[in-house]
Every structure is written in structure tokens, then in C-alpha cells.
Amino acid sequence: MERAKTTLTDINRKKADGVKISMLTAYDYPTAKIIDDAGIDSILVGDSLGMVALGYDSTVPVTMDEMIHHSKAVRRGTKYAFLIGDMPFLSYQVTKEDAVRNAGRFMKEAGCDAVKLEGGSEVADIVKAIVDAGIPVLGHLGLTPQTVSKLGGYRVQGKDADSAKKIIDQALEIEKAGCFAIVLECVPDQVAKIVTEKLSIPTISCGAGPYCSGQVLVTNDMLGLFDRFVPKFVKQYVKLSPLISDAVKAYKDDVEGGKFPGKEHSFVIKEEEMDKLRKA
Ligand code: KIV
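All figures in this text were calculated on a predicted structure; none of them were measured in a lab. (Residues numbered from 1 in each chain as written. Predicted model: local features only at pLDDT ≥ 70, side-chain atom pairs only at ≥ 80, totals over all residues. Heavy atoms only, no water.)

Caption draft 1: Geometry of the pairing of strand 3 (residues 82-86). Burial within strand 3 is extensive, with five of its five residues counted as buried. Of the two faces of strand 3, the one holding Phe82, Ile84 and Asp86 and the one holding Leu83 and Gly85 are both buried throughout. Bridge count for strand 2 (residues 42-45) against strand 3 is four bridges, and the pairing is parallel. Each bridged residue has a counterpart across the sheet, and for Ser42 the counterpart in strand 3 is Phe82. Note that strand 3 and strand 4 (residues 114-116) share three bridges and pair parallel. Within the sheet, the bridge partner assigned to Gly85 lies in strand 4 and is Val115. (Buried < 20%, exposed > 50% of the residue type's maximum accessible area, 1.4 Å probe, protein only. Helix = DSSP H or I, 4+ residues; strand = E, 2+ residues; numbered from the N terminus. Pairing = 2+ DSSP bridges.)

Here it is as C-alpha cells:
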């Protein structure tokens, strides 16, 4: 029997059944295809795209057009996973109309199943407007990289009782506004556990420990493809950068040493055709 496409109902059922939800990011067709074929529940076209694939210093410069371009590529490689497009900075904060229109672009142009956006009470009305338009919304609390400047850097959030209480309250608020799940980024395990117990929707941990309903990692981090910094919460399952570097150096040596291409990589015509060619 062919594997069925993962739906919102499957994601919600996993929390109810105590089965963890797996999510990874992707930004292009081949990576999405590998992740999808491996059976991951959900693929997020994160705006981490800006840092790990486009070379920006933060996620702030990422545009809607860049997100749509990459989401379309990921869609082409994704047959089964629940596909979520990440709304970039200022694509949803200015007006509700803008937010709904931009969320709609992820669905209509890129074929996403849902969108993600960052923030708590300040975006509750926006979440409601997008959900009312029929678009599922994944929330994102804790370390919210689009507002890293306001947060004073990439640091763990909710380390004292007051800030932890704020995360819990905000989670309840955006759940009420209609989020189908919430990413908790860089939040202490105990705080994430309380949020997970208080909410009826799933929580997805990105550096928020084992008690959440699921886990998400930036694929380039877990594959060792992005070395500018490796967050403490990332487990690197392989270090691809040095492997790729070795392959590229070997190719350079082969080209310079005349070892590539070999006979097995070349096309030849028959000797009689060569004779004709010489006489022509
Ligand atoms: O942009 C992204 O990839 C994210 C995940 C890290 C949750 O927001």
C-alpha cells in the first residue's frame, strides 16, 4: 500500500497518541526528496534559508519572493510530508491584509499545506485572520530569530520565572488564536514541558528538550553543512562539509593531473567515421 500524505489530522493525532512528530527544514528539490523519501512527517521551508543557503548574516533580509521560489522547489520534491512555508520578516507584521495575502501565496503559488510565523500576543490577531482565511498556522515562540536584535542576541529564552511565565501565557494565547502547533526555540526543557502539558495542540522543539510533542532541526546543521556556528542543541548526524571538500579537492587534482575524464567518462565515434571526418 502506498504511504499516505501526512495531514493536519495525522499531526494532531500523534500528540494524542504520544507519538513524536519529526520535522526537518529543506530549501531545494533534492534535499526535500531525500527527507520525504526517508519518511519525515513534516518539512519546513524555514527562513533559516537566508543564513544556511543564501549567505545572509540573519533571517531578517529574506524576502517573500525568495521564500516562494524555494518553497516551490521543495514542493516538487515533497510527495508525502506536511509542507510548511515560513513567513519572512515583515510579511505579516504590517497589516492583517498583507499577512493573509502573503500566507495565501505560500498555499496558491508554492503548494504549501500551512505557514509558520513568529511571535506571541502581538501576532494573535494576525494568526486568527490567517486561520479564518482557511490557512493552518504553526506558531513560533522562545528565541524568535526575526527579532534577534530586540532579544539582544541568539540566547536561551525563559530562563527566569517571569520570562518563562510569559512564554507559557503567549503559547496559550496563540493556541486560542488558532495555531495548530507551536515551535519552541531555545527554551529550557522544564518550561517546554509545562507548555506541552498545558496546550492541547502539539509543541515542536528546536532546542527545547525532549518533552515536546516533536522535534525540528535545520537540515544543514544536522548534516554538518553549515559551520559558521553550531548551536548547542544541534546533533550533527554527519559532517558533510569536509566530505564535500575532500571530493572537490580530489576532482581538482584529477583535472590538473589529467586523470579525469577517463575512458569510461568519454564519448567516442567509430574509426570508420573518424576516417570520413579526416577526409571531409
Ligand atoms: O527558519 C527555520 O528554519 C526555523 C526552524 C529552526 C524552526 O524557524
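That was the structure; now back to the text.
Caption draft 2: Just the packing of aromatic side chains, in detail. Throughout the structure, instances matching the rule amount to four aromatic pairs. Cluster of aromatic residues (ring-pair linked, three or more members): Tyr154, Phe226 and Phe229. Just above the ring of Tyr211 sits the side chain of Lys193; from NZ or CZ to the centre is 5.6 Å. (Phe/Tyr/Trp six-rings, centres within 6.5 Å; stacked < 30°, edge-to-face > 60°. Lys NZ or Arg CZ within 6 Å of the ring centre and 35° of its normal.)

Caption draft 3: Structural view of the site of the ligand. In the neighbourhood of the ligand, the contacting residues comprise Thr25, Leu44, Gly46, Asp47, Ser48, Asp86, Lys116, His140, Val183, Cys206 and Val218. Between the ligand and Lys116 there is a distance of 3.1 Å, counted from an oxygen atom to a side-chain nitrogen or oxygen. Coverage of the ligand by the protein chains reaches 95% of its 260 Å² of free accessible surface. The residue inventory of the shell around the ligand, partitioned by class, reads four nonpolar, four polar and three charged. (Near = heavy atom within 4 Å. Polar contact = N/O pair within 3.5 Å; in protein donor to acceptor, adjacent residues only side chain to side chain. Areas by Shrake-Rupley, 256 points an atom, 1.4 Å probe, with all protein chains shown as cover. Nonpolar A, V, L, I, M, F, W, Y, C, P; charged D, E, K, R; others polar.)

Caption draft 4: Focus on helix 11 (residues 240-256). Taking 1.5 Å as the rise per residue, helix 11 with 17 residues should run 24 Å; its terminal C-alpha atoms sit 24 Å apart, in good agreement. Looking one or two residues beyond helix 11, the residue adopting positive phi is Gly258, at roughly 70°. (Expected span 1.5 Å × (residues − 1).)

Caption draft 5: Looking closely at the pattern of salt bridges. Tallied over the entire structure, the rule returns 19 salt bridges. In this structure, Arg3 engages Asp36 in a salt bridge whose closest nitrogen and oxygen atoms are separated by 3.9 Å. One end of the pair, Arg3, is in the segment before helix 1 (8-17); the other, Asp36, is in helix 2 (residues 29-37), and 33 residues separate them in sequence. According to the relative accessible area criterion, Arg3 is partly exposed, its value standing at 32%. For Asp37, the salt bridge identified is with Lys33, shortest N-O distance 2.9 Å. (Salt bridge = Lys/Arg side-chain N within 4 Å of Asp/Glu carboxyl O.)

Caption draft 6: Region of interest: the domain arrangement of the protein. When the domains of the protein are assigned, the result is domain 1 (8-238) and domain 2 (243-279). Put simply, the middle of domain 1 and the middle of domain 2, counted by C-alpha atoms, are 46 Å apart. (Domains from an automatic or database assignment.)

Caption draft 7: A look at the nonpolar core. Leu117, Ile130, Ile182 and Leu184 are the most contacted members of the largest nonpolar core, which totals 56 residues. At six residues, the largest contribution of residues to this core is made by helix 8 (residues 161-177). Apart from the residues within four sequence positions on either side, Leu117 is in contact with Met87, Tyr92, Val123, Ile126, Val127, Ile130, Val137, Leu138, Gly139 and His140. By size, the runner-up hydrophobic cluster in this structure holds 14 residues, among which are Leu44, Phe82, Leu138 and Ala181. (Core = buried A, V, L, I, M, F, W, Y, C linked by side-chain atoms within 4.5 Å. Contact = heavy atoms within 4.5 Å.)

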